[in-house]
Amino acid sequence: MPKFTTIDEAVKLIKDGDTIMIGGFLGCGSPLKFCEALSKTGVKDLTLICNDGGFPEGAGPTGQNYGAAWLIANHQIKKIVATHVGINPNIAKQNFDEKTLEVCLIPQGSLAEMIRADGNGLGGVLTPTGVGTLVEDSPYCLGKQTINGRDYLLMAPVHADFALIGCTKTDKAGNCWYGGTTSNFNIVMATAADTVIVEPDEIVEVGEIAPEDVRTFGMLVDYVVK
Amino acid sequence: MDKSEIKGFIAKRVAKELHDGDVVNLGIGLPTLVPNYLPEGVHVTLQAENGTVGAAAAGQYQPEDKFHIVNAGGQPSGIIPGGSFIDSATSFGLIRGGHVAATILGGLEVDQEGSLSNWIIPGKMMPGMGGAMDLLVGAKLVIVAMEHTAKGNPKILKKCTLPYTAVNCVHMIITEMGVMKVTDKGLELVEINPEFTVEQVQAATEAELIISPNLKSMID
């Protein structure tokens, strides 16, 4: 059973130098309050694995930093592994100008599978995506193989200390249901970290989420925060 | 044609390549205009890589919930009746697995070998590939829809100079000047906008064009 705690208590679990995954796609499905609270702790030198850097202040639906953007704006990230960082100019600024942020770009479908591979006990992913491109030079690319005449890249599994998950409803057994397009990277990330922290919009009684609608199983969840 | 007319003109021509029932992924910008121009009787299902099969087309929905339903640009979106929401791994499984009939996207450079560059300008800009690399290798039909030149400079080259998004993946290039198919022998100009001559199209193109013996007008 997951522990139920406050966001302010849970953010203390994350220490300098940790590797964190943050679910969401441009903030949609990200644990929004958790990200904001983590930015207030001053924890630093984090490696961040996520689809993107969220919307920076002034660009997203709240007008404030949105999702992972809080941590980038606050210079808490030393390395970001992502698929697209063009929406948040703070990333290019910290990479090109300030040289404080390392950026590692991975194709979106590959990143999803690399995380899934880790969480599903697989040693890597063979994908045709990225063949003939700079992805072949990525530290996450372990080589190239030809299978039935087609070239594939072997991409490494990706693991984190913490997976930070946003969801719409979590029941008291930790089962998660995702509304709309919020499931995105959350589903795979919840399988690929030592500690999984879920921030739901709403906590409901067991039974309110039908068993067949559970997308992240309570057995994977360590903390539910409110 | 002014800029806004050019985009609509290209989108309208792209729309003719789609078939009723196709599952289609549209890139950001110009490609999102394509559904507005679908021929009568042609209905396509839009796949948005962030997690929707049956995404509402731009302008065809009332955004109700900006926090829970977004498109691949992170903007509030909607879903059509019969659509489904999926996670990222499933979404890219559909894409790589060949279940998406067509992808339409823009480019910084495209070359006569059908290779495309659109994700990074080393030392200047590195927005990232997002889902583009997966879409280019997975979609059955890849259409690059873009303006023919950038500030007067050719974008259709013999060989891309920027890092590739994917190699030998583009089937067709549609611009305001013409329609080009990628063939084993090079780029074949199959349709031309009658506002331009073949010489003008070639002058705006670094790659050497093969002029189709059946060269048609882009306009019906």
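Predicted, not measured: the structure shown is a model, and the values here were computed from it. Residue indices follow the written sequence of each chain, beginning from 1 at its first position. Throughout, the order in which chains and ligands are written sets their labels, letters from A for the former and numbers from 1 for the latter. Totals for whole chains, interfaces and linings use all residues, but because this is a predicted model, local features are given only for residues with pLDDT of at least 70 and pairs of side-chain atoms are given and counted only at 80 or more. Heavy atoms throughout the structure, all of them, feed into the side-chain values; hydrogens and water do not.

(A) Molecular detail of the overall build of chain B. Across its full length, chain B holds four helices and 15 strands. Relative to the globule expectation of 17 Å for 220 residues, the C-alpha radius of gyration of chain B, 17 Å, shows essentially globular dimensions. Note on classification: 1.4 Å probe, protein chains only; a residue is buried when its accessible area is under 20% of the maximum for its type, exposed when over 50%, partly exposed between these limits. Counting all 220 residues of chain B, 54% fall into the buried class. Put simply, of all contacts in chain B between residues at least 6 apart along the chain, 64% involve residues at least 24 apart. Accessible surface, chain B as shown: approximately 9,700 Å² in total, 53% of it carbon and sulfur. Charged residues are defined here as Lys and Arg on the positive side and Asp and Glu on the negative side; His and the ends of the chain fall outside this count. Note on charges: their place is set at NZ of Lys, CZ of Arg, CG of Asp or CD of Glu. If you average the places of the 16 positive and of the 24 negative side-chain charges in chain B, the two averages end up 3 Å apart. Only runs of H or I of at least four residues qualify as helices and only runs of E of at least two qualify as strands under DSSP, and these elements are numbered from the N terminus. We compute the radius of gyration over the C-alpha atoms and compare it with the globule rule, which gives 2.2 Å times the number of residues raised to the power 0.38. When checking whether two residues touch, look at their non-hydrogen atoms; a contact exists if any pair is within 4.5 Å. Here the Shrake-Rupley method, with its probe set to 1.4 Å, supplies the accessible areas, and only the displayed protein chains count as covering residues.

(B) Geometry of the pattern of salt bridges. Residues and elements named next belong to chain A. Here a salt bridge means any side-chain nitrogen of Lys or Arg lying within 4 Å of a carboxyl oxygen belonging to Asp or Glu. Applying the stated criterion across every chain, the model contains 13 salt bridges over all chains. Between Asp 16 and Lys 44 there is a salt bridge, with the nearest N and O atoms lying 3.1 Å from each other. Taken together, the positions of Asp 16 in the loop between helix H1 (7-10) and strand E2 (19-22) and Lys 44 in the loop between helix H2 (32-41) and strand E3 (46-49) put the pair 28 residues apart, joining distant regions of the chain. The class of Lys 44 is partly exposed, set by a relative accessible area of 42%. Among the ionic pairs, Glu 136 bridges to Lys 144, the shortest N-O distance being 3.1 Å.

(C) Main features of the interface of chain A and chain B. Contacts between the two partners involve 47 residues from chain A, matched on the other side by 39 residues from chain B. When two components associate, each loses some accessible surface as probed by a 1.4 Å sphere; the sum of these losses over both components is called the buried area. Taken over both partners, the interface formed by chain A and chain B buries close to 3,100 Å², and the fraction arising from carbon and sulfur atoms is 65%. One salt bridge connects Glu 113 of chain A with Arg 96 of chain B, and the closest N-O pair in it is separated by 3.7 Å. The term polar contact refers here to a pair of N or O atoms within 3.5 Å; inside protein, the definition further demands a hydrogen-donor-capable atom paired with an acceptor-capable atom, and it admits residues adjacent in sequence only when both atoms are side-chain atoms. Connecting chain A to chain B are 17 residue pairs in polar contact (both at pLDDT 80 or more).

(D) Structural context of the environment of Ala 58 of chain B. Residues and elements named next belong to chain B. Structurally, Ala 58 can be placed in the loop between strand E3 (52-55) and strand E4 (79-85). Considered as a pair, Ala 58 and Ser 91 are 33 residues apart in the sequence and their alpha carbons are 20 Å apart. When neighbours within four sequence positions are excluded, Ala 58 is seen to be in contact with Thr 32 and Asn 36.

(E) Structural detail: the sheet that holds strand E6 (residues 109-111) of chain B. Residues and elements named next belong to chain B. In space, the three strands of this open sheet follow the order E7-E6-E11, with mixed pairing throughout. Two strands bound the open sheet, and with one partner strand each, they are strand E7 (116-117) and strand E11 (156-157). In this scheme, strands are said to pair when DSSP sees at least two bridges between them. By the bridge criterion, two bridges tie E6 to E11 in an arrangement that is parallel. If you follow Asp 111 over to E11, its bridge partner there is Leu 157.

(F) Looking closely at the domain arrangement of chain A. All names here are of chain A. The domains assigned to chain A are domain 1 (3-106 + 157-225) and domain 2 (124-156). Taking the mean C-alpha position of each, domain 1 and domain 2 sit 27 Å from one another. For the pair domain 1 and domain 2, the summed buried surface comes to about 500 Å²; carbon and sulfur atoms form 70% of the total. Joining domain 1 to domain 2, the criterion identifies zero salt bridges. Domain boundaries shown here were taken from an automatic or database domain assignment.

(G) The pairing of strand E1 (residues 23-26) of chain B, seen in detail. Residue and element names in this part refer to chain B. Sheet analysis places E1 next to strand E2 (residues 45-48), joined by two bridges and oriented parallel. Opposite Val 24, over in E2, you have Leu 46 as the bridge partner. In terms of strand pairing, E1 meets strand E5 (residues 102-105) through three bridges, oriented parallel. Looking at the pairing, Asn 25 lines up with Thr 103 of E5.

(H) Quick peek at the environment of Gly 152 of chain B. Residues and elements named next belong to chain B. Structurally, the position occupied by Gly 152 is in the loop between strand E9 (149-150) and strand E10 (153-154). Exposure remark for Gly 152: the relative accessible area of 58% places this residue in the exposed category. Gly 152 sits 52 residues away from Ala 204 along the chain, and the two C-alpha atoms are 7.5 Å apart.

(I) Representation of the packing of aromatic side chains within the structure. Working definition: a ring pair exists when centres of Phe, Tyr or Trp rings (six-membered ring for Trp) sit within 6.5 Å. Plane angles under 30 degrees give stacked, over 60 give edge-to-face, the rest tilted. One pass over the full model with this rule turns up two aromatic pairs over all chains. Ring centres of Phe 55 of chain A and Tyr 66 of chain A lie 6.4 Å apart, and the angle between their planes is 40°; on these two criteria the pair is classed as tilted. Within this pair, whereas Phe 55 of chain A is found in the loop between E3 and helix H3 (69-73), its partner Tyr 66 of chain A is found in the loop between E3 and H3, the two being separated by 11 residues in sequence. Overall, the relative accessible area of 4% leaves Phe 55 of chain A in the buried class. On the basis of an interplanar angle of 45° and a centroid distance of 6.5 Å, the ring pair of Tyr 66 of chain A and Phe 67 of chain B is categorised as tilted. With one member in each of two chains, Tyr 66 of chain A in the loop between E3 and H3 and Phe 67 of chain B in the loop between E3 and E4 form a pair that bridges those chains. On the accessibility criterion, Phe 67 of chain B (32% relative accessible area) is partly exposed. A network of ring pairs unites the aromatic residues Phe 55 and Tyr 66 of chain A together with Phe 67 of chain B as a single cluster. Cation placement over rings: the criterion is NZ of Lys or CZ of Arg within 6 Å of the ring centroid and within 35° of the ring normal. In this structure, Lys 169 of chain A is placed above the aromatic ring of Trp 177 of chain A, and the distance from its NZ or CZ to the ring centre is 5.6 Å.

(J) Fine view of the packing of helix H5 (residues 108-119) of chain A against helix H2 (residues 88-96) of chain B. In this analysis an axis means a line fitted to C-alpha atoms, helices contributing only their contacting stretch, and an angle means the value between N-to-C directions, from 0 to 180 degrees. The interhelical angle for the contact between H5 of chain A and H2 of chain B, taken along N-to-C directions, is 125°, at an axis separation of 9 Å. Judged on the interaxial angle alone, H2 of chain B and H5 of chain A are oblique. When you trace H5 of chain A past H2 of chain B, the crossing you get is left-handed. Residues Gln 108, Gly 109, Ser 110, Ala 112, Glu 113 and Arg 116 of chain A of H5 of chain A lie in contact with H2 of chain B, whose contacting residues are Ser 88, Ala 89, Phe 92 and Arg 96 of chain B. When its residues are assigned to classes, the contact of H5 of chain A with H2 of chain B shows three nonpolar, four polar and three charged. Working definition: roughly parallel below 35 degrees, roughly antiparallel above 145 degrees, roughly perpendicular at 65 to 115 degrees, and oblique for all remaining angles. Helix crossings are classified by the rotation of the near helix relative to the far one: an anticlockwise turn of less than a right angle makes the crossing left-handed, while a clockwise turn makes it right-handed. In this classification, the charged set is Asp, Glu, Lys and Arg, the nonpolar set is Ala, Val, Leu, Ile, Met, Phe, Trp, Tyr, Cys and Pro, and all remaining amino acids, among them Gly, are polar.

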